[in-house]
Amino acid sequence: MKASRQSITDFILHLHPRTVPYPTIRFRLSWGLGGMAVVLTGLLFLTGALLLLAYRPTLEEAYGSVRALGRDIPLGYWVRNIHHASANLLAVVVVLHLLRTALTGAFGPGRRLNWTIGLGLLVLVLAANFTGYLLPWDQLAYWAVTVSMAALGYIPLCGDWLRGVIQGGPEIGQATLSNFYVLHVAVIPGSLLVLLLWHFWLVRRAGGLISASEGGEPIRRIPVVPNLIAREAAVGLSLVAFVLFLAMFWNAPLLEQANPGMSPNPTKAPWYFQGLQELLLHLHPVFAAFVWPFLGGAALLLLPLIPGSALPGGVWFGSERGRGLAAWAAGGGALLAVAAVLADNALRQPGVGMAAGALIARGIVPTSAVILLAAGGYWLLVKAANRTRAEAVMAGLVAGFAILTVLTVVGVFFRGAEMHLVWPWHGTGGSL
Amino acid sequence: MSKTDTRFAGFKIGRRTFFNRLWAVLGLAALAEFGWLGISFLASRRDRNRPEREVGVVDAGEISMFLPGTVTAVPQGQFYLARLPDGGFLALSRTCTHLGCSVPWDEEKGAFVCPCHGSTFSLTGEVLTGPAPRPLDTYPVRIENGMVKVDCAKARRRDRFLAEQATRI
């Protein structure tokens, strides 16, 4: 008995260091977000395995087999709802986890590789969400795959080839469904597992979470078992209870069976891609579907390689002064996004198409404007306001996420039929 | 890196370094092979999703069925037959040129309205409001013995509407 308990402790210590800095077990340092992501991933693996028993990945049977979950299998719909709720919460939690990491300065030397792996995990989580979205083969699924495949075609040089490979032919059909199914149940979960273990192990090697030094005194360390484990269990079990409860009321959507002849009105992407879809309304597709996501991804990837880009570790926003700057950046970014959406909406009147000179007017001009704005903001903060480079980078990151959040909120709640701007409490309501 | 490596590093590559590099090269080669395997496997499926029946020439109907200034959906060919006010025929693809949603004809507005991103197209398929980058694609139309026939084999792309794109009697 003693030996078996020892083996559990030893196993935990493969993933955690033996001791962690005392300040890092404070809930408000990490909000338990990384642990929440692990718990949600666990729920997804468990419910996913159950759903695999019921789901049949063929054009003829896919829709019916998802329908049958509610009718023929005891608690079948609850399992699907848990899967759906976990997946959506996971998308939120991993983005917040990324922000937490950046805003407490945890991508500096010693943690650079883990930031990169974390970005890989973020891509996998979004890809898992998206590939799963398509499997029920209802109207939601069919048109989401149509739009995303068309967007893929706008990637310069290899877009059409890539689209053919992923779509499995010139039209969307059985090969497309098979591709997404294999990605969703094998390739992505497998890669996720490998990267996750690597992610944990690198945190362990860095000595646990990042922490601030306590005024010159050596940081006090406390044993992981039981201190950290008890806190992790508290967060994890509360979350499991919350998700199971949520899934009793929050039904995963299932529209009518896919109909290639009729798009629902409005047709919307899943909410986590609504920011991108909002960009597609305003920018030339090459810029909305390729250039901007590419620039954003490259910026996040290169962030830790810039010397002095990481805040002093373990304190939110680096300091009290940094917190004020972050608030200004968030407010500024949000206002800018609202203003841009409204201004473009006013300009985009009948007669203003996207055909003539759109690549310049709706591609190069706004992109240059955004780059100039970012460079100008950086110069002002570092040269004029005498802020550190890390603080300026933090402000840029916060402003960027504020913009993305506003675009997502506008896309989800304020876009009605034919994607006109509407008040959500008047309109017919969006799809989630 | 172990102590052995630094001791040998000065004049030659140590045994351990040599093997470490060998494993790295072999590992990367294996990864590249699997990547290649995966892509060629996927690429071979690029012709899978052909439409079940080859759509060739579709009979839309007699000329007299279509009044000038109207739009008629032809489901078996997945296109709209538009008759221009001057009597010309234009077969328009129902697929939005922006991101591939199907665009219904809105009788009240007298325009095709895309539900995905709000593009609108005129009777001739021209872009009225963006974000669509070009007009709706067309299919070749022939008129034989008073019947309108549309060749659905391949859609034609165009940058603007020109009078000669329409088929006249």
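I will try to describe carefully the structure that is included in this document. These figures come from a predicted structure and were not determined experimentally.

The rules we used
- Residues numbered from 1 in each chain as written.
- Chains lettered and ligands numbered in written order.
- Predicted model: local features only at pLDDT ≥ 70, side-chain atom pairs only at ≥ 80, totals over all residues.
- Heavy atoms only, no water.
- Helix = DSSP H or I, 4+ residues; strand = E, 2+ residues; numbered from the N terminus.
- Rg over C-alpha atoms; globule rule 2.2 N^0.38 Å.
- Buried < 20%, exposed > 50% of the residue type's maximum accessible area, 1.4 Å probe, protein only.
- Contact = heavy atoms within 4.5 Å.
- Areas by Shrake-Rupley, 256 points an atom, 1.4 Å probe, with all protein chains shown as cover.
- Lys, Arg positive; Asp, Glu negative; His and termini not counted.
- Charge placed at Lys NZ, Arg CZ, Asp CG, Glu CD.
- Core = buried A, V, L, I, M, F, W, Y, C linked by side-chain atoms within 4.5 Å.
- Pairing = 2+ DSSP bridges.
- Polar contact = N/O pair within 3.5 Å; in protein donor to acceptor, adjacent residues only side chain to side chain.
- Salt bridge = Lys/Arg side-chain N within 4 Å of Asp/Glu carboxyl O.
- Axes fitted to C-alpha atoms, helices over the stretch in contact; angles between N-to-C directions.
- Parallel < 35°, antiparallel > 145°, perpendicular 65-115°, else oblique.
- Left-handed = near helix turned anticlockwise from the far one by under 90°.
- Nonpolar A, V, L, I, M, F, W, Y, C, P; charged D, E, K, R; others polar.
- Buried area = accessible area lost by both parts, 1.4 Å probe.

## Focus: the overall build of chain A
Check the secondary structure of chain A and you find 15 helices and two strands. Since a compact globule built from 432 residues should have a radius of gyration of about 22 Å, the 23 Å found for chain A is in line with a globular shape. Seen through its C-alpha atoms, chain A measures out along the principal axes to roughly 70 × 65 × 45 Å. Counting only residues that meet the buried cut, chain A has 45% of its 432 residues in that class. The long-range fraction of contacts in chain A, counting pairs at least 24 apart against all pairs at least 6 apart in sequence, stands at 81%. About 21600 Å² of surface is accessible on chain A, with carbon and sulfur atoms providing 72% of the total. Of the charged side chains in chain A, 27 are positive and 16 negative, and the gap between their average positions amounts to 13 Å.

## Some details on helix H4 (residues 62-72) of chain A
Regarding H4(A), the residues found buried are Ala62(A), Tyr63(A), Ser65(A), Val66(A), Ala68(A) and Leu69(A). Check the buried side of H4(A) and you find it contacts helix H3 (33-54), helix H5 (76-103) and helix H9 (174-205) of chain A.

## Structural notes on helix H8 (residues 159-167) of chain A
Counting along an α-helix, one turn takes 3.6 residues, and residues three or four places apart therefore face a common direction. Restricting attention to buried positions, one finds in H8(A) the residues Gly159(A), Gly164(A), Val165(A) and Gln167(A). In this structure, the buried side of H8(A) is in contact with helix H7 (139-152) and H9 of chain A together with helix H2 (15-43) of chain B. One or two positions beyond H8(A), positive phi appears at Gly168(A), with a value near 70°.

## Focus on the nonpolar core
One finds Phe112(B) and Phe121(B) to be the most contacted residues of the largest nonpolar core, which totals 59 residues. With eleven residues, the top contributor of residues to this core is H7(A). Setting aside residues no more than four positions away along its own chain, Phe121(B) makes contact with Cys96(B), Thr97(B), Val103(B), Ala111(B), Phe112(B), Glu126(B), Val127(B), Leu128(B), Ala132(B), Arg134(B) and Leu136(B). By size, the runner-up hydrophobic cluster in this structure holds 37 residues, among which are Leu33(A), Leu44(A), Ala102(A) and Val243(A).

## Description of the sheet that holds strand E8 (residues 127-129) of chain B
Residue and element names in this part refer to chain B. Ordered in space as E5-E6-E7-E8, the four strands form an open sheet in which the pairing is antiparallel. One side of each edge strand has no neighbouring strand; the edge strands of this open sheet are strand E5 (105-106) and E8. As judged from the two bridges shared by E5 and strand E6 (residues 111-113), these two strands associate in the antiparallel manner. Residue Asp106 lies in a different strand from E6, and its bridge partner there is Ala111.

## Things to note about the pairing of strand E4 (residues 89-93) of chain B
Regular strands show a simple pattern: their side chains alternate between the two faces of the sheet. All names here are of chain B. Most of E4 is tucked away, with five of its five residues classed as buried. Side chains Phe89, Ala91 and Ser93 project from E4 onto one buried face, and the interleaved Leu90 and Leu92 project onto a second face that is buried too. With five bridges connecting them, strand E3 (residues 79-83) and E4 associate as antiparallel partners. Looking at the pairing, Leu81 lines up with Ala91 of E4. Connecting E3 to the next strand, E4, in antiparallel fashion are five residues, including Gly87 with a positive phi near 95°. With two bridges connecting them, E4 and strand E9 (residues 138-139) associate as antiparallel partners. For Ala91, the partnering residue across the bridge sits in E9 and is Tyr139.

## Notes on the side chain of Thr124(B)
Residue and element names in this part refer to chain B. Looking at the secondary structure, you find Thr124 in the loop between strand E7 (120-121) and E8. With a relative accessible area of 13%, Thr124 lands in the buried category. Engagement of the side chain of Thr124 in a polar contact is seen with the side chain of Ser122, the distance being 3.0 Å. Separated by 3.0 Å, the side chains of Thr124 and Glu126 make a polar contact. Non-local contacts of Thr124, meaning those with residues more than four positions away in its chain, are made with Leu84, Leu90, Leu92, Arg158 and Phe161.

## Remarks on the pattern of salt bridges
Following the criterion strictly, the structure yields eight salt bridges over all chains and no others. Of the charged contacts in the structure, one is a salt bridge between Glu278(A) and Arg415(A), with a shortest N-O distance of 2.6 Å. Taken together, the residues span a long stretch of sequence, with Glu278(A) in helix H11 (residues 274-282) and Arg415(A) in the segment after helix H15 (389-413) at a distance of 137 residues. Residue class for Arg415(A) comes out buried when judged on its relative accessible area of 2%. With a closest N to O distance of 4.0 Å, Asp106(B) and Lys109(B) form a salt bridge.

## Section: the sheet that holds E4(B)
An order of E2-E3-E4-E9 (chain B) is seen for the four strands of this open sheet, with the pairing classed as antiparallel. Pairing within the sheet leaves two strands with one partner each, and these edge strands are strand E2 (70-74) and E9 of chain B.

## What to know about the packing of helix H12 (residues 285-302) of chain A against helix H14 (residues 358-384) of chain A
Residue and element names in this part refer to chain A. Between H12 and H14, whose axes approach to 12 Å, the crossing angle comes to 15°. Comparing their axes, H14 and H12 come out roughly parallel. Viewed along their axes, H12 and H14 form a crossing whose handedness is right-handed. Along the contact surface, H12 presents Phe287, Trp292 and Leu295, while H14 presents Leu359, Gly363, Ile364, Pro366, Thr367 and Val370. Of the residues in the contact of H12 with H14, the class split is seven nonpolar, two polar and no charged.

## A short note on the pairing of E2(B)
All names here are of chain B. The pairing of E2 with E3 spans five bridges and is classified as antiparallel. Note that in E3 the partner of Val71 across the bridge is Ala82. Hairpin connection between E2 and E3: a loop of four residues separates the two successive antiparallel strands, and Gln78 in this loop has a positive phi of roughly 55°.

## What to know about the interface of chain A and chain B
Opposite the 44 residues of chain A that make contact, chain B presents 31 residues. Of the roughly 2700 Å² buried where chain A meets chain B, counting both sides, 56% is carbon and sulfur surface. When the area that chain A buries against chain B is broken down by residue, the three leading residues are Trp161(A), Val165(A) and Glu418(A), summing to 18%. Where chain A touches chain B, the interface holds zero salt bridges. Counting across the chain A and chain B interface gives four residue pairs in polar contact (both at pLDDT 80 or more). Where the side of chain A that touches chain B is concerned, the elements lending two or more residues are H7, H8, H9 and H11 of chain A. Of the residues in the side of chain A that touches chain B, the class split is 22 nonpolar, 19 polar and three charged.

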